[in-house]
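Structure assessment
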Amino acid sequence: MEINLTRENTLDPWACFSRDIDDIWLEIGFGGGEHLAWQAKTYPRIGFVGCEPFLNGIVKLLSRIRSMELENVRLYRDDARLLIARLPANIIGRAFILFPDPWPKLRHHKRRLISEGVLGSLAEVLRDEAEVRIATDDPSYLEWILWHFQRHPEFEWQASVPNDWRSSPHDWPPTRYEKKANAAGRKCTFLTYRRCRRL
Ligand SMILES: C[S@@+](CC[C@H](N)C(=O)[O-])C[C@H]1O[C@@H](n2cnc3c(N)ncnc32)[C@H](O)[C@@H]1O
């Protein structure tokens, strides 16, 4: 159930799943785990790796895993960047980063998860044409996310009409943060990127 990094150089995520799976998807900062649990139930042939350092969130997801009898979820209880750095290249089929902490103060921007370095590491572990789903309700973080992805040569934004970023795809259930944002009248933006094919 839990992924522990050892001193070995790379972690083989396929080896973490005892049953046959078709692909591995990653959720970074799953919070209470409602989205991850829903995805795992909906896609039983996918192995899910969830990263979250927040203990309450881990406990909530563990309880969902038990009550929903999920066998295809593995947890990493720390900073996702440490795990990504140890994954082999070209292995993750989809990644979710839903409502990452916005760190709105200018002096805290360096703490934001989305950065050139993280996008570079993510591009490395994602398979060709893998999807990255990301959402935010913070206008300043939205600009930041768009700027970082748009200038990254390995990601392509999938939107063609405004509805593509104003509403989420059918298999993207609302998270706790999305519900909080809606209740407070804040607009949420849903971005889907695709990792370009390697040459
Ligand atoms: C604003 S909350 C959003 C939670 C959830 N995705 C949602 O939409 O309800 C951001 C979450 O990301 C987690 N987080 C922040 N930095 C992280 C990191 N480097 N690796 C993994 N999780 C991280 C936090 O602990 C927190 O639970």
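Right, let's walk through the structure included here.

What counts and how
- Residues numbered from 1 in each chain as written.
- Predicted model: local features only at pLDDT ≥ 70, side-chain atom pairs only at ≥ 80, totals over all residues.
- Heavy atoms only, no water.
- Near = heavy atom within 4 Å.
- Polar contact = N/O pair within 3.5 Å; in protein donor to acceptor, adjacent residues only side chain to side chain.
- Areas by Shrake-Rupley, 256 points an atom, 1.4 Å probe, with all protein chains shown as cover.
- 1 Å grid on protein atoms, 1.4 Å probe; cavity = no way out; pocket = protein on both sides within 12 Å on 5 of 7 lines; lining within 4 Å.
- Sits in = over half its atoms within 2 Å of the grid points.
- Helix = DSSP H or I, 4+ residues; strand = E, 2+ residues; numbered from the N terminus.
- Salt bridge = Lys/Arg side-chain N within 4 Å of Asp/Glu carboxyl O.
- Buried < 20%, exposed > 50% of the residue type's maximum accessible area, 1.4 Å probe, protein only.
- Pairing = 2+ DSSP bridges.
- Right-handed = clockwise from strand over helix to strand, strands pointing away.

Neighbouring the ligand are 19 residues, the closest being Gly29, Glu52, Ala80, Leu98 and Thr175. Here a nitrogen atom of the ligand sits 2.8 Å away from a polar atom, N or O, in the main chain of Gly29. Taking Glu52, its side chain carries an N or O atom lying 2.5 Å from an oxygen atom of the ligand. Calculation on the ligand without its partners gives an accessible area of 600 Å², and the protein chains cover 87% of this total. At a threshold of 2 Å from the grid points, most atoms of the ligand map onto the largest pocket. When residues of the shell around the ligand are traced back to their parent elements, those giving at least two are α3 (80–86) and α7 (176–183).

So, about the pattern of salt bridges. On inspection of all chains with the given rule, the structure shows 14 salt bridges. A salt bridge links Arg198 to Asp128, with the nearest nitrogen and oxygen atoms 2.6 Å apart. Of the two residues, Arg198 sits in the segment after β7 (189–195) while Asp128 sits in strand β5 (residues 126–136), which places them 70 residues apart along the sequence. A relative accessible area of 23% places Asp128 in the partly exposed class. A salt bridge links Glu131 to Arg133; the shortest N-O distance between them is 2.7 Å. Each member of the pair, Glu131 as well as Arg133, is classed as buried. Overlapping salt bridges, with partners in common, bring together Arg94, Glu131, Arg133, Asp171 and Arg194 in one network.

The next point concerns unusual backbone geometry. Phi angles above zero are rare outside glycine, and Glu69 is one such case at about 55°. With respect to the helices, strands and loops of the structure, Glu69 is situated in the loop between α2 (55–67) and β3 (73–76). Phi at Glu129 takes a positive value of approximately 65°, unusual for a residue other than glycine. Take Glu129: it is sitting in strand β5. Residue Glu129 is classed as partly exposed on the basis of its relative accessible area of 39%.

A word on the pairing of strand β1 (residues 23–28). β1 sits mainly inside the fold: six of its six residues count as buried. Burial along β1 is two-sided: the residues Asp23, Trp25 and Glu27 and Ile24, Leu26 and Ile28 are all buried. Here β1 runs beside strand β2 (residues 46–51); their pairing, made up of six bridges, is parallel. The partner of Asp23 across the bridge, within β2, is Ile46. Crossover connection from β1 via helix α1 (residues 34–42) to parallel β2: handedness right-handed. Of the pairings in the sheet, the one linking β1 to strand β4 (residues 92–98) comprises four bridges and is parallel in character. Opposite Leu26, over in β4, you have Ala95 as the bridge partner.

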